[in-house]
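# Architecture and fold: a report
Chain residues, written in single-letter form:
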Amino acid sequence: EAASTMKIEHFLENELLVDITEHQLVPEHQVLSNAEKQQLLARYKLSDAQLPRIQVNDPVARYYGLVRGQVVKIIRSSETAGRYVTYRIAD
């Protein structure tokens with residue numbers, strides 16, 4: 001039972017030298033719960049296949065322990081809009 005809720009990710013030492021989530025070029029990422037994912041899909045009338053993808057081996061996806069099918073909210077700063085929000089599904 002515990003194995004279905006836990007994910008162990010193996011990192012090399014050189015991958016941990018810099019905290020990628022604090023890097024100025026990496027936007028803020030927030031992992032959505034299943035309920036938030038369903039609200040997002042219903043709000044925009046989308047299916048999983050219509051969301052942009054993020055690879056599960058992407059460094060930020062690995063950091064957050066994303067598994068296939070999870071959605072992450074990415075918040076970028078924008079000169080024109082102030083902030084730009086996009087969503088990606090782990091694939």
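Once a new chain begins, its residue numbering starts again from 1 and follows that chain's sequence as written. For this predicted model, a pLDDT threshold of at least 70 governs which residues receive local features, and a threshold of 80 or more governs which side-chain atom pairs are given and counted, while totals over whole chains, interfaces and linings are taken from all residues. Heavy atoms throughout the structure, all of them, feed into the side-chain values; hydrogens and water do not.

Let us look at the overall build of the protein. Helix and strand definitions follow DSSP, with helices as H or I runs of at least four residues and strands as E runs of at least two, each counted in order from the N terminus. When helices and strands are tallied, the protein shows 3 helices and 4 strands. In the protein, the succession of helices and strands from N to C terminus is α-β-α-β-α-β-β. Projecting the C-alpha coordinates of the protein onto the three principal axes gives extents of approximately 40 × 40 × 20 Å. Each residue is assigned to one of three classes by its accessible area relative to the maximum for its type, calculated with a 1.4 Å probe on protein chains only: buried under 20%, partly exposed between the two thresholds, exposed over 50%. Across the 91 residues in the protein, those meeting the buried criterion constitute 23%. Sequence separation of 24 or more characterises 57% of the internal contacts of the protein that already satisfy a separation of 6 or more. Here, Shrake-Rupley sampling with a 1.4 Å probe gives the accessible areas, and only protein chains in the shown set may cover a residue. Just so you have it, the protein exposes about 7000 Å², and 50% of that area is on carbon and sulfur atoms. Contacts between residues were defined by any pair of non-hydrogen atoms, one from each residue, lying within 4.5 Å.

Let us look at the environment of Ala-42. As for its placement among the helices and strands, Ala-42 is situated in helix 2 (residues 34-44). You can call Ala-42 exposed: its relative accessible area is 55%.

Together, Val-31, Tyr-63 and Tyr-64 make up a nonpolar patch on the protein surface, roughly 260 Å² of accessible area in all. Looking at the secondary structure, you find Val-31 in strand 1 (residues 28-31). For patches, a residue must show more than 30% relative accessible area and have no salt bridge; joins then use 9 Å for like charges and 5 Å for nonpolar side chains, namely Val, Leu, Ile, Met, Phe, Trp and Tyr. Salt bridges are counted wherever a side-chain nitrogen of Lys or Arg sits within 4 Å of a carboxyl oxygen of Asp or Glu.

Hydrogen bonds between backbone atoms are what pair the strands of a sheet, whose relative direction is either parallel or antiparallel. In this description, strands pair whenever DSSP reports at least two bridges between them. Read across the open sheet, the 4 strands follow the order 1-3-4-2; overall the sheet is mixed. The open sheet has two free edges, formed respectively by strand 1 and strand 2 (53-54), since each of these has just one partner strand. Judged from the 8 bridges that link them, strand 3 (residues 71-78) and strand 4 (residues 82-90) form a sheet pairing that is antiparallel. By the bridge assignment for strand 4, Ser-77 is matched with Arg-83.

Here the nonpolar core consists of buried residues drawn from Ala, Val, Leu, Ile, Met, Phe, Trp, Tyr and Cys, with membership extended through side-chain atoms lying within 4.5 Å. Counting 7 residues, the largest nonpolar core consists of Leu-32, Leu-40, Leu-41, Leu-51, Val-71, Tyr-87 and Ile-89. Within the residue set of this core, elements represented by two or more residues are helix 2 and strand 4. The contacts of Leu-51, once residues within four sequence positions are left out, are Leu-41, Leu-46, Val-71, Tyr-87 and Ile-89. Membership of the second largest hydrophobic core comes to 6 residues, among which are Ile-54, Ala-61, Leu-66 and Ile-74.

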